[in-house]
Amino acid sequence: MILTLCTACAAPLPDEPMQCAECATRYCSERCERYDRRRGGHGKICGAVASGGGAEQYHADKKYKEAVAVAVAKCAKDTAGQTCYICYGEGDEDGLVRGCACRGESGIAHISCLAEQARRLVVHAEAEARDLDDDALDAAWKRWCICGLCEQDYHGVVSCALGWACWKTYVGRPETGGQVRQMAMNLLGAGLSEAYHFEDALTVLEAELAMKRRLGSSEQNILVAQTNIALCYYKLGRHQEALDLRREIYARGLALGVPSKDLFIDVLNLSWSMKECGLCAESKSFLREQLPAARRALGADHDTVIQLRWQHADALRLSDGASRDDVVEAVTLLEELSRTTQRIYGTSHPLANDIRNALGWARETLAAFDTSTSK
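In this report, the structure presented in the accompanying data block is examined. (Residues numbered from 1 in each chain as written. Predicted model: local features only at pLDDT ≥ 70, side-chain atom pairs only at ≥ 80, totals over all residues. Heavy atoms only, no water.)

Considerations on the overall build of the chain
Counting its regular elements, the chain contains 15 helices and 2 strands. In summary, the chain has a C-alpha radius of gyration of 23 Å against a globular reference of 21 Å for 375 residues, a match within 12%. Principal axes of the C-alpha set define a box for the chain whose edges measure 75 × 45 × 45 Å. Across the chain, the fraction of contacts at a sequence separation of at least 24, relative to all contacts at a separation of at least 6, is 55%. Summed over all atoms, the accessible surface of the chain reaches about 18700 Å², with 49% contributed by carbon and sulfur. Distance between charge centroids for the chain: 3 Å, based on 44 positive and 52 negative side chains. (Helix = DSSP H or I, 4+ residues; strand = E, 2+ residues; numbered from the N terminus. Rg over C-alpha atoms; globule rule 2.2 N^0.38 Å. Contact = heavy atoms within 4.5 Å. Areas by Shrake-Rupley, 256 points an atom, 1.4 Å probe, with all protein chains shown as cover. Lys, Arg positive; Asp, Glu negative; His and termini not counted. Charge placed at Lys NZ, Arg CZ, Asp CG, Glu CD.)

Overview of the nonpolar core
Core analysis: the largest hydrophobic core is formed by 97 residues, its most contacted members being Trp141, Trp144, Trp164, Trp167 and Leu334. The element contributing the most residues to this core is helix α6 (residues 156-170), with 9 residues. Ignoring any residue separated from it by four or fewer positions in sequence, one finds tryptophan 164 in contact with Ile2, His59, Ala60, Lys63, Tyr64, Ala67, Leu188 and Leu192. With 5 residues, the next largest nonpolar core counts Cys20, Cys46, Val49 and Ala55 among its residues. (Core = buried A, V, L, I, M, F, W, Y, C linked by side-chain atoms within 4.5 Å. Buried < 20%, exposed > 50% of the residue type's maximum accessible area, 1.4 Å probe, protein only.)

Focus on the pattern of salt bridges
The tally for this structure, following the rule as stated, stands at 24 salt bridges. The partner of aspartate 138 in a salt bridge is lysine 142, and the shortest N-O contact between them spans 3.9 Å. Taken together, the salt bridges that share partners define one network made up of Lys62, Lys63 and Glu66. (Salt bridge = Lys/Arg side-chain N within 4 Å of Asp/Glu carboxyl O.)

Things to note about the layout of surface pockets
Here the second largest pocket is characterised by a volume of approximately 770 Å³. The wall of the second largest pocket is formed by 32 residues, among which Leu3, His59, Lys62, Lys63 and Trp164 lie closest to the centre. Among the elements of the structure, α2 (42-51), α3 (55-79), α6 and α8 (198-214) are those that each provide at least two residues to the lining of the second largest pocket. When residues in the lining of the second largest pocket are grouped by element, the largest group, 8 residues, is from α3. Here the residues of the lining of the second largest pocket are counted per class, giving 17 nonpolar, 9 polar and 6 charged. (1 Å grid on protein atoms, 1.4 Å probe; cavity = no way out; pocket = protein on both sides within 12 Å on 5 of 7 lines; lining within 4 Å. Points joined across faces, edges and corners; volume = space filled by probe spheres on them. Nonpolar A, V, L, I, M, F, W, Y, C, P; charged D, E, K, R; others polar.)

In structure tokens, the structure reads:
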């Protein structure tokens with residue numbers, strides 16, 4: 001469950017909370033349940049919540065509608081006069097979005113069409129094989145978060161809307177009925193983070209971690225959940241907590257022999273936290289050691305390798321005692337990465353924008369070096 005606070009007083013819910021017999025809205029105590037029913041307004045909406053599938057389903061449906069409205073408004077300029085590539089309909093009641101790396105008229109769709117496409121693929125894959133490690137089912141699930149045309153992740157408010165679409169689709173699944181519910185909770189947490197709703201994302205991801213522990217998930221799955229929580233700490237400015245957790249995750253992943261693509265994400269995350277905690281010299285040394293292996297394992301154009309090289313450039317520029325040669329190396333590296341990201345993702349993609357900004361700051365640092373030496 002992601003509604004982990006008492007509806008009446010917002011206190012954390014106990015392991016076995018009090019709940020409304022009709023709609024399953026949860027409370028920390030019988031007193032709060034009585035108060036909310038009599039004075040808090042619950043009596044007026046209880047019937048609607050119950051007929052909407054209960055508290056979790058009602059909440060998910062409501063949040064989905066809100067998230068779609070935000071995504072449609074954000075994409076309005078990009079989608080004006082276009083049609084959905086799935087149903088060929090225009091931006092009618094549902095509205096159109098695009099939140100991937102597609103360009104021109106490609107990739108524009110209704111959120112509801114993207115969600116239905118993903119849902120049908122998962123239904124088909126589940127019918128073919130009940131094992132959620134099956135390649136076909138794994139590929140089907142990716143349609144919730146990866147565009148079927150450009151094969152790049154959805155991002156921003158579109159990712160958030162799809163996260164709510166996914167959660168409202170699978171919220172009724174039992175915890176013990178396979179991994180779909182866990183996967184949907186994870187996707188929602190990622191989508192909330194993409195839309196910068198980090199407090200909400202942290203609540204969802206902590207609930208996911210608690211569920212994984214209850215169900216006895218593997219240590220690697222626990223590490224994935226902790227990785228996502230560390231990201232929320234980082235985004236909320238809780239940098240020391242993020243650094244401590246990321247050091248633990250990297251060390252444990254190394255000991256477990258996790259796959260390269262996961263291990264180098266841990267490397268990237270740890271380098272971000274080192275930078276935010278003022279440990280740029282340590283980050284520079286760490287990344288110089290890790291980058292050759294990352295390029296061999298993943299390829300130079302892999303998203304993780306691009307971001308590792310970006311962090312290396314920042315570490316070169318920001319380290320105490322950075323020389324002009326360090327800054328020149330950073331500028332050269334960021335110029336190459338800027339060209340690469342615009343080629344792969346397009347000029348409006350968040351990663352391309354971030355690297356352009358980093359390049360601008362590096363050039364400013366280099367100009368300041370040259371100005372100081374000319375005096």
